Each structure stands twice: as structure tokens, then as C-alpha cells.
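Observations on the three-dimensional arrangement
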Amino acid sequence: MTFHSGNPARAEDVVGSVARVIKLNLTPAFILTQLGWTPENVEQMVTAEGNTVTVRYEGDFSPAFVLIVLASRPASVVDMVTVTENEVDGDMGNAWLNANSAGSGPFSLQTFRPAELERLEANPEYFKGAPLVEGVILRHSPARGRIRDAAAPAGAGRRGYGEAPDPRPDRDPGPTGDQGGGLPPGRRPPPVLHQKAESLTKSAVWEAARYLVDYEGMTNSFLAGQMETH
């Protein structure tokens, strides 16, 4: 694998990416510090040797919980060579990353203008295959509800893909009958039980947790159009 810069993805990038989040100690760091990582010990807890990364943590956590933490966005691996080159006053490249990318994904960030647009360019070297489009432009649409209502015919109820669902799904859609084509995002929020609490480690509790949440009730009310049960 290579990063957008062409630099190879190394085990050292994994270690450096985790360490910089812990040392910067900004808001997202709390997700990783749950594993007992601190600025003082993180480089001993997450180490690299050759192409192998060894992750150690403190606490009686389930492997599933640890994997959830390691798959979180703050644990994303960045090109440490590029990030370090753009470091200013010891910020570990944080200011530069606010408007640039240093990843290895299918698209790289080419332009970022806050509250205006983002322009992404396809990465032909993406390890899962090059994207089928050359680029993507994401435009910021402020107050889109007012813009939509102003543009739609009187009484029309229009909603485009990606917009929030209508909070009144049973209302009269108007003469066009167009409620839009929003699609539920592909994510699965699992229940997570704290394994430090002995009362939550029992298999019966885990089974009961499956029936504790009214998933259909939520998807038929305040999550209508956003999520669906599976």
C-alpha cells in the first residue's frame, strides 16, 4: 500500500498516527485513551517491528471493544512523513491536516474551502482498485431547507438524497407527491457493554440486550428515513 504522496505505508506510520493523537490530546483522543494510553506510555504500548504492529492496552476489555476503538476515526493511519514535513510549532501537522489529506483512501483532498466546497481527486493507486470516477466535488448548501422550499412549487414536498428526513412523514406531500429519494446510510451501531462491570459480563445479559432496544420503534419514528433494521 502507498499513501497519496507515493510514500509506502509502514508499520511506523501506524505507531506514529496513534501517538500523535494521544500527544496532541485534542477532543477525539478520549476514544483511544480508554485503552490506558497516555503521552508518556503510548510509544511503549503501540510498537512496530518490521511489518508487525503490536498493540498493548490496560484494562479488562473484550476483544470486540478494542477492535471498535482501533477502527475509530481518531485511529486512522496517516502518512507520517508528509505530516511531519508540514509540522508548525510542534503541532504535529494538525493545522495542515485541517485543509489537506495524508491518507491512502480512494480519493485525496485537493481543495478545501470551509462552508463552500471540497474537491476530491481519485487515487489510481488505491489498493482496492482505482475509483470509476476521476473526482468528486462536494458543495456546502447553507439553510438548504429554506432554499428547497423557495425553489419548490407551492405545496410541494421535495427532499433530495442525503437530506434529513421529513419530521412529518405522514403529512400531505403536495401536488407533486415527491418525498425524495433518501437512503439509509450503511452503518450498524452495536450495543457495547462495559466488561469492567462483572454484572455485564454474563451471557444472559448480552442476550437480553438484544431485546432491550426498540429498534423498529426508533426506525418508525425519529429515525424514519435515516436507518432501517436488519
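Here the structure is a predicted model, which means the values were calculated and not measured.

Topic: the overall build of the protein
If you tally the helices and strands in the protein, you get 9 helices and 5 strands. Along the chain direction, N to C, the helices and strands of the protein fall in the order α-α-α-β-β-α-α-α-β-β-β-α-α-α. Contacts in the protein between residues far apart in sequence, at least 24 positions, make up 42% of those at least 6 positions apart. If you sum the accessible surface of the protein, you get close to 15,400 Å²; carbon and sulfur atoms cover 54% of it.

Examining the pairing of strand β1 (residues 46-49)
Bridge count for β1 against strand β2 (residues 52-55) is 4 bridges, and the pairing is antiparallel. Residue pairing across strands places Thr47 opposite Thr54, the latter belonging to β2. In this antiparallel pair of consecutive strands, β1 and β2, the connection spans 2 residues, and Gly50 shows a positive phi of 65 degrees.

Focus: helix α4 (residues 63-70)
Residues of α4 that are buried include every one of Phe65, Val66 and Val69, and no others. Projection of α4 onto a plane perpendicular to its axis shows the buried side chains occupying an angular sector of 100 degrees, all on one side. Exposed and facing more than 90 degrees away from the buried side of α4 are Pro63 and Leu67. Considering only its buried residues, α4 is in contact with α2 (29-33).

Overview of the nonpolar core
In this structure, Val18, Ile22, Leu32, Leu35, Trp37, Val42 and Val46 are the most contacted members of the largest nonpolar core, which totals 17 residues. Only α1 (11-24), α2, α3 (42-45) and α4 provide two or more residues apiece to this core. Apart from residues no more than four positions distant in its own chain, Val42 is found in contact with Val18, Ala19, Ile22, Lys23 and Trp37.

Remarks on the sheet that holds strand β5 (residues 135-139)
Pairing within the open sheet is antiparallel, and its 3 strands lie in the order β3-β4-β5. The sheet is open, and its two edges are formed by β3 (107-113) and β5, each paired on a single side. Sheet twist, expressed as the average angle between the axes of neighbouring strands with direction ignored, equals 15 degrees. Here 5 bridges tie strand β4 (residues 117-122) to β5, and the two strands are oriented antiparallel to one another. What sits directly across from Glu118, in β5, is Leu138.

Let's talk about the confidence of the model for the protein
When pLDDT is averaged along the protein, the result is 82, and 79% of the positions lie at 70 or above. Low pLDDT, under 50, characterises residues 154-169; the predicted model gives this stretch 38 contacts beyond four residues in sequence or across chains. Contacts from residues 171-185, a stretch scored under 50 in pLDDT, to residues over four places away or in other chains number 32 contacts.

With respect to unusual backbone geometry
If you check the backbone angles, Asn25 has positive phi at about 55 degrees while not being a glycine. Within the secondary structure layout, Asn25 lies in the loop between α1 and α2. Even without a glycine there, the phi angle at Met92 is positive, about 55 degrees. For Met92, the position within the fold is in the loop between α5 (80-85) and α6 (94-97).

Calculation criteria
- Residues numbered from 1 in each chain as written.
- Predicted model: local features only at pLDDT ≥ 70, side-chain atom pairs only at ≥ 80, totals over all residues.
- Heavy atoms only, no water.
- Helix = DSSP H or I, 4+ residues; strand = E, 2+ residues; numbered from the N terminus.
- Contact = heavy atoms within 4.5 Å.
- Areas by Shrake-Rupley, 256 points an atom, 1.4 Å probe, with all protein chains shown as cover.
- Pairing = 2+ DSSP bridges.
- Buried < 20%, exposed > 50% of the residue type's maximum accessible area, 1.4 Å probe, protein only.
- Arc of directions from axis to C-beta.
- Core = buried A, V, L, I, M, F, W, Y, C linked by side-chain atoms within 4.5 Å.
- Axes fitted to C-alpha atoms, helices over the stretch in contact; angles between N-to-C directions.
- pLDDT = per-residue confidence, 0-100.

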